[in-house]
Amino acid sequence: MTHAINQPPSLQQIVSCLSDYDPAALPVAQAQNIIQQFVHPLDCVERIAIRQTLGRVLAEDIISTINVPAHDNSAMDGYAFKGSDLSEHGDNVFRIIGTAYAGKAFSGMVQAGECVKIMTGAVMPTGCDTVIPQELVSSINDLQVNISSTKIRTGENRRLKGEDLAIGIQALCKGKILRPADLGLLASLGVAEVPVQRKLRVAFFSTGDELRSLGESLDEGCVYDSNRYTLYGMLSRLGCEMIDMGVIKDDPDALEAAFRTACENADAIITSGGVSVGAADYTKQIMAKLGDVAFWTIGMRPGRPMAFGKIHSHGHSAYLFGLPGNPVAVMVTFYFFARQALLHMMGSTQQDFPLIPVTAKHPIRKRPGRTEYQRGILSRNATGELEVSVTGSQGSGILRSMSEANCMIVLHHDQNQVATGDKVDVLLFEGLL
Ligand code: AMP
Ligand code: MG
């Protein structure tokens, strides 16, 4: 590919490298690939307190400057002693010479035949390498315990200094989306603030004369605008800053003004509606007028029409995702195209969740040559096997099919009819939050 140095390739340059590029019949994988090549991370960093970093993208590697734990310590409440003091077989009497508490170490030296009563998390006394849990010893009196060599091996129940995080190791990688465990990990290193990528600003609006906003009366032939609500939900989950621009009528001036405002205030724009073939509106014309935008018919169901590119207005630019209007199509194209691109813009290096092969509970109609995203309910059958069924009618306007589903069934481009008992790939909507 030839393009000016430091100048990212245009959409035209990217697609010109594909020998089989056909915007009127674009396979899902090719569309994903073009989008991934075209979008670039923002690279704008801010430092914030770790509690604020949940769901944010880490902007630098975090290198451990301390050992966690800082000392060898006990994993159990019990008695610390030196493993080599045990005879090969049978009972051993140890003299208790003191107690080690978490946060209050035993300072003496432990000699042969001696032990220290120890609490979980207490520093291992000098000379000890093994802890026998309290419930495995038999007490002789207040000063002596009997430790059987059959119940313990040298080194057991001792946590080693630095076994969680050793000085100098990479504790967290740049590009990671921070989860609850990471907040705790940073705290365990004594780190109070970290650099994260700034939040992505996403403007979105719906297009269509038939759309009504909540609170308005539903005139004949009209529908309430639901897409801005599903988009709001999906963008919230990604941690984006949102600019909700409402419903824009199929009017060229209103549309151009909306696209320009969105472009001047956001990093990315997501619209719904007005991109289908033969749509009686101006959305596509305005998108094309304002920038480098491709109009695709994607080999998928639901979805098909989609606009993608970058638009410009008064020195500002923003990536554009012109999603189809149908409520299920909006969600599917968001999840399988926009989501990954937005994560990439946010600087995330997170891999997508793997698809899980499970058993189809009933036949699913499918023809090769397009990717189908059916809404599924994953459950376990009587024998404990995971199986999936489709959530009733799969029309692209039936949002209930998404609401009832707990997973997406991904029927791949070349895949054919699915018979009962065949394996199909699913993607779960939720994990541990
Ligand atoms: P379009 O892609 O504009 O031709 O719209 C396709 C279908 O989706 C039409 O039935 C629209 O009424 C419907 N639709 C478009 N936008 C929305 C929206 N924001 N909320 C609910 N339905 C919509
Ligand atoms: Mg429309």
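These numbers were taken from a predicted model, which means no experiment stands behind them.

Enquirer: I'd like a description of the overall build of the protein, backed by residues and values.
Expert: Across its full length, the protein holds 8 helices and 26 strands. Over its C-alpha atoms the protein spans a radius of gyration of 30 Å, topping by over 25% the 22 Å that the globule rule assigns to 433 residues. In terms of its C-alpha atoms, the protein occupies a principal-axis envelope of roughly 90 × 55 × 50 Å. Here the protein holds 433 residues, and the buried ones make up 45% of them. Looking at the protein alone, contacts between residues at least 24 apart form 70% of all its contacts between residues at least 6 apart.

Enquirer: Break down a positive patch on the surface for me, citing the residues and quoting the values.
Expert: Judged by side-chain charge, R301, R304, R365 and R367 come together as a positively charged surface patch. Relative to the helices and strands, R304 is located in the loop between β19 (291-301) and β20 (305-313).

Enquirer: A description of the site of ligand 1 should follow, citing residues and the corresponding values.
Expert: Around ligand 1, the structure places 14 residues, and the nearest of them are E210, D225, S226, N227 and G274. A distance of 2.7 Å separates a nitrogen atom of ligand 1 from a polar side-chain atom of D225. G325 is positioned such that a nitrogen or oxygen atom in its backbone is 3.2 Å from an oxygen atom of ligand 1. Broken down by class, the residue content of the shell around ligand 1 amounts to 3 nonpolar, 9 polar and 2 charged.

Enquirer: Residues and numbers for the sheet that holds strand β5 (residues 78-81), please.
Expert: Read from one edge of the open sheet, 6 strands run β8-β5-β7-β6-β10-β9, paired in mixed fashion. Strand pairing shows two members of the sheet lacking a second neighbour, β8 (130-133) and β9 (138-141), which therefore form its edges. Each adjacent strand pair in this sheet contributes to an overall mean axis angle of 40°, direction not counted.

Enquirer: A description of helix α5 (residues 252-265) should follow, citing residues and the corresponding values.
Expert: With 14 residues, α5 extends 20 Å from end C-alpha to end C-alpha; this agrees with the ideal 20 Å at 1.5 Å per step. Within α5 the residues assigned to the buried category are L255, E256, A258, F259, A262 and C263. Down the axis of α5, the buried set is contained in an arc of 160°. They therefore lie on one face.

Enquirer: Please give an account of the environment of R212 that cites residues and values.
Expert: Structurally, R212 is set in strand β15 (residues 211-212). Remark: the alpha-carbon pair of R212 and V223, spanning 11 residues in sequence, is separated by 6.0 Å. Apart from the residues within four sequence positions on either side, R212 is in contact with S217, L218, D219, C222, V223, Y224, D225 and K249. Within the structure, the side chain of R212 is placed 3.1 Å from the side chain of D219, a separation counted as a polar contact.

Enquirer: Any details on the packing of α5 against helix α6 (residues 283-290)? Residues and values, ideally.
Expert: In the contact formed by α5 and α6, the axes pass within 10 Å of each other and the chain directions differ by 45°. Between α5 and α6, the angle is such that the two are oblique. Like other packed secondary-structure pairs, α5 and α6 cross with a definite hand, here right-handed. Only T283, I286, M287, K289 and L290 of α6 make contact with α5, whose side of the interface consists of P252, L255, E256, F259 and R260. Split into classes, the residues belonging to the contact of α5 with α6 amount to 6 nonpolar, 1 polar and 3 charged.

Enquirer: Give a description of the packing of aromatic side chains that names residues and reports values.
Expert: Under the counting rule described, the total for this entry stands at 9 aromatic pairs. An aromatic cluster is present here, built from F38, W296, F308, Y319 and F321 joined pairwise through their rings.

Enquirer: Give me the lowdown on the packing of helix α2 (residues 28-38) against helix α7 (residues 327-345), citing residues and values where you can.
Expert: Where α2 contacts α7, the axes come no closer than 10 Å and their chain directions differ by 25°. Taken together, the axes of α2 and α7 lie roughly parallel to each other. Crossing of α2 against α7: the hand is right-handed. When α2 is examined against α7, the residues V28, A31, Q32, I35 and Q36 are found in contact with a partner set consisting of F336, F337, Q340, A341 and H344.

Cut-off values and rules
- Residues numbered from 1 in each chain as written.
- Chains lettered and ligands numbered in written order.
- Predicted model: local features only at pLDDT ≥ 70, side-chain atom pairs only at ≥ 80, totals over all residues.
- Heavy atoms only, no water.
- Helix = DSSP H or I, 4+ residues; strand = E, 2+ residues; numbered from the N terminus.
- Rg over C-alpha atoms; globule rule 2.2 N^0.38 Å.
- Buried < 20%, exposed > 50% of the residue type's maximum accessible area, 1.4 Å probe, protein only.
- Contact = heavy atoms within 4.5 Å.
- Patch = residues over 30% accessible without salt bridge, like charges linked within 9 Å, V, L, I, M, F, W, Y side chains within 5 Å.
- Areas by Shrake-Rupley, 256 points an atom, 1.4 Å probe, with all protein chains shown as cover.
- Salt bridge = Lys/Arg side-chain N within 4 Å of Asp/Glu carboxyl O.
- Lys, Arg positive; Asp, Glu negative; His and termini not counted.
- Charge placed at Lys NZ, Arg CZ, Asp CG, Glu CD.
- Near = heavy atom within 4 Å.
- Polar contact = N/O pair within 3.5 Å; in protein donor to acceptor, adjacent residues only side chain to side chain.
- Nonpolar A, V, L, I, M, F, W, Y, C, P; charged D, E, K, R; others polar.
- Pairing = 2+ DSSP bridges.
- Axes fitted to C-alpha atoms, helices over the stretch in contact; angles between N-to-C directions.
- Expected span 1.5 Å × (residues − 1).
- Arc of directions from axis to C-beta.
- Parallel < 35°, antiparallel > 145°, perpendicular 65-115°, else oblique.
- Left-handed = near helix turned anticlockwise from the far one by under 90°.
- Phe/Tyr/Trp six-rings, centres within 6.5 Å; stacked < 30°, edge-to-face > 60°.

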